[in-house]
Amino acid sequence: MVSRVALLRAACVAGCLALGSRVQAEQQSTSVDVSGAIKVALPRAGNDAVAFKTADGKAGWVRQLSGETIPTPAYAKGKIFTGGGMGSRTFFAIDAVTGRTLWSKATQDTGPTSAVVTGRFVCYNTESCHTETRDIDSGDLVWSEVTGGTLLTQPVAAGDLLVIPHPTMARNNLPRDDAFRMLTVDITTGKHVFDQVMTGDVFAAPVFAANRVFFACTDGRIFCQTFGAGEGWHVVAEANSAPVVVGNELAVSTDTASGNGVLVGIRRYKIQDGTSLDDQPLAPTLVSKAQIAKTGRAEWDYQGPKVVARGVQLFNAPGRVINSVDATSGAVRWRDTITGGGLSNAVNATTPPALGKSNLYVGTMHGHILALRQSDGGLVHAYNLGVPLASPPILA
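What you see as residue numbers is a count from 1 along each chain, following the sequence as written. The model is predicted, so local features are restricted to residues of pLDDT at least 70 and side-chain atom pairs to those at 80 or more, both for listing and for counting; the totals for chains, interfaces and linings are taken over all residues. Side-chain calculation: all heavy atoms of the structure are included, whereas hydrogens and water are not.

A.B. asks: Which parts of the structure should I look at to understand the environment of Ala283?
C.D. replies: Comment: elements are numbered from the N terminus, with helices defined as DSSP H or I runs of at least four residues and strands as E runs of at least two. Tracing the sequence through the fold places Ala283 in strand S25 (residues 282–288). Residues Ala283 and Ser324, spaced 41 residues apart in sequence, show a C-alpha to C-alpha distance of 8.3 Å. Contact between two residues is taken to exist if any of their heavy atoms lie within 4.5 Å; hydrogens are not considered. Those residues within four positions of Ala283 in sequence are excluded, and the remaining contacts are Val264, Gly265, Asn323, Val325, Val332 and Arg335.

Now the structure itself:
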């Protein structure tokens, strides 16, 4: 697993496919050379934030929360919300401008996951069994529950409800992590509303849209559950990350073995009934085999080549390639290949993209942060922080 030494940075710096499809994608590839990325000499930092400036005049701060890898933080109302890592029992609210701690609270178990913020609440799971909901201003605990064994993924807010994927657990016996359920609770009180069966743990987090819950499990299946009823559909796919909903379609990254590598692509499905819209995966990209597993503790910060969307554009970043695909036609709009930075072609060489108004941002395992135009993939700027980046950046 790639470690990024839990450095939190300010957002401001922050053979089975049709041959024709592969050739089309490759013909649209453009090289993005990062050898000239602006080097950022991050100052040595401890628990307190230390300010710095880049060579082109941008200001930022850096601080070390722990010696652990941390997942992507959440941002809301000028605050960054994050835990201190897999072995940590601390959850923080940090001023996004100054890096100063607004509050920090001891969690009931280790390993706070990425958080979700809704209204006045911030919610997260812990690796060892608990779901916790806190007040975003004070950090006071609103409610918590031993939800299930080995909670590795993020909950999702759905209006006044919180949806929590979890392994089942015998309350008075050893954890039983071989069965999985999707629990929905009242976000204010933690009162159970309904509980549904899944076939495996969930990649990253469920997605709530159109009064449905969509998610991909670690066994590759994709599910749609009608919210509150449990009715819906599922398809047996080769999903390797969380899905995204675009209008009346769902898009997800998939992979298949191909020689000594993995062929990563994008598939689309109708959200109404799960009908596949693609005979072959879109934007197929050959990458080296994954360096981190899809199951076990690695799920805690595993993102995979997750698809993100803006309007009718889909984006993903498998290996050292970044793809833009038209969500309506399935055509590749543009493809960039990162060169010049010594980056490997492992599936986790880059983070999933984060989308701003007109740019997309990716990090790399060699410490680059790239900003590319969503319209054509042109490089806007690139920085080299010199430390591995394992999780997507956030924008404030």
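Don't stop here, the text continues.
A.B. asks: Would you explain the side chain of Asp95 in this entry?
C.D. replies: By secondary structure assignment, the location of Asp95 is in strand S8 (residues 90–95). Burial classification: accessible surface area is computed with a 1.4 Å probe over protein chains only, and a residue below 20% of its type maximum counts as buried, one above 50% as exposed, and the rest as partly exposed. Charge counting follows a simple rule: Lys and Arg are positive, Asp and Glu are negative, and His as well as the terminal groups are ignored. Salt bridge, as used here: a side-chain nitrogen of Lys or Arg that lies within 4 Å of a carboxyl oxygen of Asp or Glu. With no salt bridge to any partner, buried Asp95 finds its closest opposite charge in Arg100, at an N-O distance of 4.6 Å. We call two N or O atoms a polar contact when they sit within 3.5 Å, provided that within protein one can donate a hydrogen and the other can accept it, with sequence-adjacent residues counted only if both atoms are side-chain atoms. Of the polar contacts made by the side chain of Asp95, one reaches the backbone nitrogen of Thr98; its length is 3.0 Å. Once residues within four sequence positions are removed from consideration, Asp95 is found in contact with Trp61, Gly78, Arg100 and Leu102.

A.B. asks: Would you mind showing me how to read the sheet that holds strand S27 (residues 313–316) here?
C.D. replies: Two modes of strand pairing occur in sheets, parallel and antiparallel, and in both the strands are linked by backbone hydrogen bonds. Should DSSP find at least two bridges between two strands, the strands are taken to pair. Across the sheet, five strands lie side by side as S2-S29-S28-S27-S26; this open sheet has mixed pairing. Only two strands of the sheet have a single neighbouring strand rather than two, namely strand S2 (29–33) and strand S26 (308–310). On average, adjacent strands in this sheet sit at an angle of 20° to one another, irrespective of strand direction. One ladder, built from five bridges, connects strand S28 (residues 321–326) with strand S29 (residues 332–339); its direction is antiparallel. Paired with Ile322 across the strands is Asp336, a residue of S29. Axis lines are fitted through C-alpha atoms, for helices just across the contact stretch, and the angle between N-to-C directions can take any value from 0 to 180 degrees.

A.B. asks: Explain the sheet that holds strand S9 (residues 101–106) to me, please; I cannot follow it from the model alone.
C.D. replies: Spatial ordering of the open sheet is given by S6-S7-S8-S9, a layout of four strands whose pairing is antiparallel. Strands at the two margins of the open sheet, each flanked by one partner only, are strand S6 (74–76) and S9. Sheet twist, expressed as the mean angle between neighbouring strand axes with direction ignored, is 15°. Pairing of S8 with S9 involves five bridges; the strand directions are antiparallel. In the sheet register, Phe92 faces S9, and the bridge partner there is Ser104.

A.B. asks: What's the story with the packing of aromatic side chains in this structure? I'm lost.
C.D. replies: We describe a pair of aromatic rings using the distance from one ring centre to the other and the angle between the two ring planes. Paired rings are identified among Phe, Tyr and Trp, the last through its six-membered ring, by centres lying within 6.5 Å, and are further divided according to the angle between planes into stacked (under 30 degrees), edge-to-face (over 60) and tilted (the rest). In this structure the tally under the stated criterion is five aromatic pairs. Measuring from centroid to centroid gives 5.1 Å for Phe215 and Phe223, while their planes differ by 10°, and the two rings are stacked. Ring centres of Phe315 and Trp334 lie 6.1 Å apart, and the angle between their planes is 50°; this geometry places the pair in the tilted category. Of this pair, Phe315 sits in strand S27 while Trp334 sits in strand S29; the two residues are 19 residues apart in sequence, bridging distant segments of the chain. Overall, Phe315 belongs to the buried group, its relative accessible area being 0%. Using a relative accessible area of 4% as the deciding quantity, one classes Trp334 as buried. One aromatic cluster is present, formed by Phe81, Phe91, Trp103 and Tyr124 through successive ring pairs. Criterion for a charge above a ring: Lys NZ or Arg CZ within 6 Å of the ring centre, and within 35 degrees of the ring normal. A cation sits over an aromatic face here: Arg63 above Phe92, 5.8 Å from the ring centre.

A.B. asks: What should I look at first to understand the nonpolar core in this one?
C.D. replies: Looking at soluble globular proteins, one finds that nonpolar side chains tend to be buried together. Membership of the largest hydrophobic core comes to 19 residues, with the highest contact counts inside it found for Phe315, Ile322, Ile338, Leu360 and Leu370. Counting only elements with at least two residues in this core, the list comes to S29, strand S31 (359–363) and strand S32 (368–373). Once residues within four sequence positions are removed from consideration, Ile338 is found in contact with Val32, Val34, Arg320, Ile322, Leu343, Thr350 and Leu370. One finds Phe203, Ala209, Ala239 and Ile271 within the second-largest nonpolar core, a separate group that totals 15 residues. In this description, a nonpolar core means a group of buried Ala, Val, Leu, Ile, Met, Phe, Trp, Tyr and Cys residues linked to one another through side-chain atoms lying within 4.5 Å.

A.B. asks: Explanation requested: unusual backbone geometry in the structure shown.
C.D. replies: Most of the time, phi is negative for any residue but glycine, and the peptide bond is trans. Even without being a glycine, Ala210 presents a positive backbone phi close to 50°. Of note, Ala210 is situated in the loop between strand S18 (207–209) and strand S19 (212–216). If you check the backbone angles, Ala283 has positive phi at about 50° while not being a glycine.

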